[in-house]
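A structural walkthrough
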Amino acid sequence: MSVSPGRTLRVLRDRKPLVHQITNYVVMNETANATLALGALPVMAHALEEVEEMVGLAGALVLNIGTLSPRWVDAMIAAGKAANAGGIPVVLDPVGAGATRYRTETTRRILSEVGVTVLRGNQGEVATLVGADAEVRGVESIGAAGDGADLARTAARSLALIASVTGVVDHVSDGTRVLAVANGHELLATVTGTGCMSSAVTGCFLAAKHDESLEAAAEALAAFGVAAEDAARDAKGPGTFHANLYDALAALDPETLDGRARIS
Amino acid sequence: MSVSPGRTLRVLRDRKPLVHQITNYVVMNETANATLALGALPVMAHALEEVEEMVGLAGALVLNIGTLSPRWVDAMIAAGKAANAGGIPVVLDPVGAGATRYRTETTRRILSEVGVTVLRGNQGEVATLVGADAEVRGVESIGAAGDGADLARTAARSLALIASVTGVVDHVSDGTRVLAVANGHELLATVTGTGCMSSAVTGCFLAAKHDESLEAAAEALAAFGVAAEDAARDAKGPGTFHANLYDALAALDPETLDGRARIS
Amino acid sequence: MSVSPGRTLRVLRDRKPLVHQITNYVVMNETANATLALGALPVMAHALEEVEEMVGLAGALVLNIGTLSPRWVDAMIAAGKAANAGGIPVVLDPVGAGATRYRTETTRRILSEVGVTVLRGNQGEVATLVGADAEVRGVESIGAAGDGADLARTAARSLALIASVTGVVDHVSDGTRVLAVANGHELLATVTGTGCMSSAVTGCFLAAKHDESLEAAAEALAAFGVAAEDAARDAKGPGTFHANLYDALAALDPETLDGRARIS
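How each quantity is defined
- Residues numbered from 1 in each chain as written.
- Chains lettered and ligands numbered in written order.
- Predicted model: local features only at pLDDT ≥ 70, side-chain atom pairs only at ≥ 80, totals over all residues.
- Contact = placed C-beta atoms within 7 Å.
- Helix = DSSP H or I, 4+ residues; strand = E, 2+ residues; numbered from the N terminus.
- Nonpolar A, V, L, I, M, F, W, Y, C, P; charged D, E, K, R; others polar.
- Least-squares fit on C-alpha atoms with pLDDT ≥ 70 in both.
- Axes fitted to C-alpha atoms, helices over the stretch in contact; angles between N-to-C directions.
- Parallel < 35°, antiparallel > 145°, perpendicular 65-115°, else oblique.
- Expected span 1.5 Å × (residues − 1).
- Buried ≥ 20, exposed ≤ 12 C-beta atoms within 10 Å, placed from the backbone.
- Arc of directions from axis to C-beta.
- Pairing = 2+ DSSP bridges.

1. With respect to the interface of chain A and chain C
Taken together, the contact between chain A and chain C spans 27 residues of the former and 29 residues of the latter. Among the elements of the structure, helix H2 (28-38), strand S2 (41-44), helix H3 (51-55) and helix H10 (238-251) of chain A are those that each provide at least two residues to the side of chain A that touches chain C. The biggest single contributor to the side of chain A that touches chain C is H10(A), with seven residues. For the side of chain A that touches chain C, the class distribution of residues is 19 nonpolar, four polar and four charged.

2. Side note on the relation of the copies chain A and chain C
Overlaying chain A on chain C yields an RMSD of 0.0 Å, the required transformation being a rotation through 120 degrees with an accompanying axial translation of 0.0 Å. Given the turn and translation reported, the copies of this chain are related as if by a three-fold rotation axis. For chain A, the residue whose C-alpha comes nearest the rotation axis is Tyr25(A), separated from it by 3.8 Å. Here only 11% of the interface residues in chain A have copies in chain C that are interface residues too; the copies meet through unlike faces.

3. Considering the relation of the copies chain C and chain B
The two copies are related by a screw motion: chain C maps onto chain B through a turn of 120 degrees and a shift of 0.0 Å along the axis, at an RMSD of 0.0 Å. Little of the interface of chain C is mirrored in chain B, where only 11% of its interface residues again form contacts.

4. Quick look at the interface of chain C and chain B
Taken together, the contact pairs 27 residues of chain C with 29 residues of chain B. Of all the secondary structure elements, the ones that give two or more residues to the side of chain C that touches chain B are helix H2 (28-38), strand S2 (41-44), helix H3 (51-56) and helix H10 (238-251) of chain C. The greatest single-element share of the side of chain C that touches chain B, amounting to seven residues, is contributed by H10(C). Here the side of chain C that touches chain B is composed, by residue class, of 19 nonpolar, four polar and four charged.

5. Structural notes on the packing of helix H1 (residues 5-15) of chain C against helix H8 (residues 194-208) of chain C
Residues and elements named next belong to chain C. Running from N to C, H1 and H8 cross one another at 85 degrees; their axes reach a closest spacing of 9 Å. By the criterion of interaxial angle, the relationship of H1 to H8 is roughly perpendicular. Residue-level contacts link Thr8, Val11, Leu12 and Arg15 of H1 to Cys204, Phe205 and Ala208 of H8. Split by residue class, the contact of H1 with H8 holds five nonpolar, one polar and one charged.

6. Section: helix H9 (residues 213-233) of chain C
With 21 residues, H9(C) extends 31 Å from end C-alpha to end C-alpha; this agrees with the ideal 30 Å at 1.5 Å per step. Along H9(C), 18 of the 21 residues are buried, which leaves the element largely enclosed by surrounding structure.

7. Some remarks on helix H5 (residues 101-113) of chain B
All names here are of chain B. With 13 residues, H5 should reach 18 Å at 1.5 Å per residue; the first-to-last C-alpha distance of 18 Å fits that figure. Turning to H5, its buried residues are Tyr102, Arg103, Thr106, Thr107 and Ile110. For H5, the angular spread of the buried residues around the axis is 130 degrees, confining them to a single face. Seen from the open side of H5, the exposed residues pointing more than 90 degrees away from its buried face are Arg101 and Ser112.

8. Notes on the sheet that holds strand S9 (residues 170-173) of chain A
All names here are of chain A. Spatial ordering of the open sheet is given by S2-S1-S3-S4-S5-S8-S9-S10, a layout of eight strands whose pairing is mixed. At either end of the open sheet lies a strand with only one pairing partner, and these are S2 and strand S10 (178-181). Taking each pair of neighbouring strands and ignoring which way they run, the sheet shows an average axis angle of 20 degrees. Direction of pairing for strand S8 (residues 162-166) relative to S9: antiparallel, over a ladder of three bridges. Across the sheet, residue Val165 finds its bridge partner in S9, namely His171.

9. Observations regarding the environment of Val126(C)
Residues and elements named next belong to chain C. Within the secondary structure, Val126 is located in helix H6 (residues 123-129). We classify Val126 as buried; it has 31 C-beta atoms within 10 Å. Residues Val126 and Ala155 lie 29 residues apart in sequence; the distance between their C-alpha atoms is 7.1 Å. Residues within four places of Val126 in sequence aside, it is in contact with Leu119, Gly121, Leu151, Ala155, Ala163 and Val165.

10. Quick word on the sheet that holds strand S3 (residues 60-64) of chain C
All names here are of chain C. An order of S2-S1-S3-S4-S5-S8-S9-S10 is seen for the eight strands of this open sheet, with the pairing classed as mixed. Edge strands, defined here as strands with exactly one partner in the open sheet, are S2 and strand S10 (178-181). Neighbour to neighbour, the strand axes of the sheet diverge by 20 degrees on average, direction disregarded. Strand contacts of H2: strand S1 (18-22) and S2, with the helix running at about 155 degrees to S2, the strand carrying the most contacts.

In structure tokens form, the structure reads like this:
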């Protein structure tokens, strides 16, 4: 194991991997801009006619069910299978799982048909998928669903993937080890799509550090959290914080990032 | 009657109601962020597979035809009927009614199949729906369509709902009474989707003050207008105004809001 | 020939033409806001049920295949034919042509069925369409594909349209003449959709200067580039640059624009 978000960020900026995202209408611009600001190249493509070809060009695939509908789900599964065939890591963001049966069942269907590398969700979403108690209001997780570290470990074991559960402290687990990430800022909760952005950033880091997915997923959350801390400094509220967040992602310094990352 | 945007805002922030929005692609991020900045929880869901279940969790439903297509219209009507069955208030924003037959006819169809609590539109859109003269260019209302107060009262009577007609001065009517709201700023017209945001904010206020819809609709426009006034203070143009607007919505002070609201 | 971006901008702001855009989900808000900030009126409409009627109201039509799917392509072609029948200029932005067969073939299909006035793309996209070598990674053009002026002239001749090829220096050609535009800023490459915005701005300028499309297309890129130069002045990164860009478009001064435009 070697955790170094700074080193992974440097690799990412050198390689500029393409990160294929099939995501929701609300945050497409935001996740594309976060990807670009970080130093990778985003591409959004959802047509069955092209997703398999597009993912073949990519270093990672990010699936996000935030505004799902049947055709989009079909495209996610086709892209996910193509990614699996090509050895390309897949991130799944189960936005709103637990809120409606359609979201919960779609998440289970994707998990059963696609080999997902990292599941990145909030406590309510992930708890839903492992049958734990959780309160989800729409796409927001309300209140803690017990201990985040336990939840991440349980989800990783039962779903056989890396579980990345974000909250005040984030927990990333492969079922055995658990990495806790304590970076971030409360203003993240005031801007829609910051969870989705963290999933996109996870895809970027996986593309740069393919062989150590647990570490890459934790590094991504640390890097995103450090950027949020920087963005909050001069922010006057959610709007200026949001604009600053892209500035901060672009300004992340690989040299100092390891020292600022709070991964344990 | 009791008009107090400050009190309603306080209730809203305490309860954090879910506001289900089936809206257009252009403004989804913007209306979600306005909802979140104000203190409510947005959720965007448009699949027929889940809209009825989702709206059952919500405190209000906002329908917006800005980028309509047949499947989306079907989902709006299904969600609207479920909202009606559950006693959940419905806001309709008839974006571009009058510009094309499809938009005008879709608006009429929604109004005939769904019980709409508040119709929130510009003068051109609302005038189209009551057969008055209006000039609509695309989704913008060009020039005044006569007296706003009369238009609001006429629309409220003939359509049997609360008509919320926005312009330099906004007019909200239940067919008998008319409340005029004089808050706002000319920079609102330079950012796309600010009308859509005012509809989303109307949904938030209805969710917090269900029993007095006329007052809630006027309070929403006053609160949004006061935030716009605050956002304009340091703005250098449409872009910085847009970012500031979310800051200002989040910073709205319930204690001083009633004194700043210009509702008569 | 008469090149004067300042004069065209003045006409645009006086007439406030409607610019109908059938574009991708990622940038809809951005291109709408760029259009509005510049002084024209955007409308987004993609349903087959209304695109022909909507384009009849417009001064220009902008087609963008950034997140294409079959229904949207059908709507683009229907709108394009209606624009042709009405003498309304058409801009095509072939986002990602060369990345997947579906994008390349869709671009060729649109070019064969619709009379396109201006093709606005990056070097990789345009080179793909004329069979030249190019490296495209997703929707980004990587590295130079030879000489931009030659590429623009070749594309204009072989496709029988105005080719507007953007890069560090932009080149716009009708197959005979080539105008080079040297305005812009490197921060444009750090925000997603700035290419799409330049296509929307091209549509705005064509709507204001219908009879000299070559000049209008070059003027649009100069105006957009000057706005980018202004936006970069106080920017701290991609996020604040992005917000500033709308401020700068709105603040463009027709009196000084001709002096700042670097068109040769």
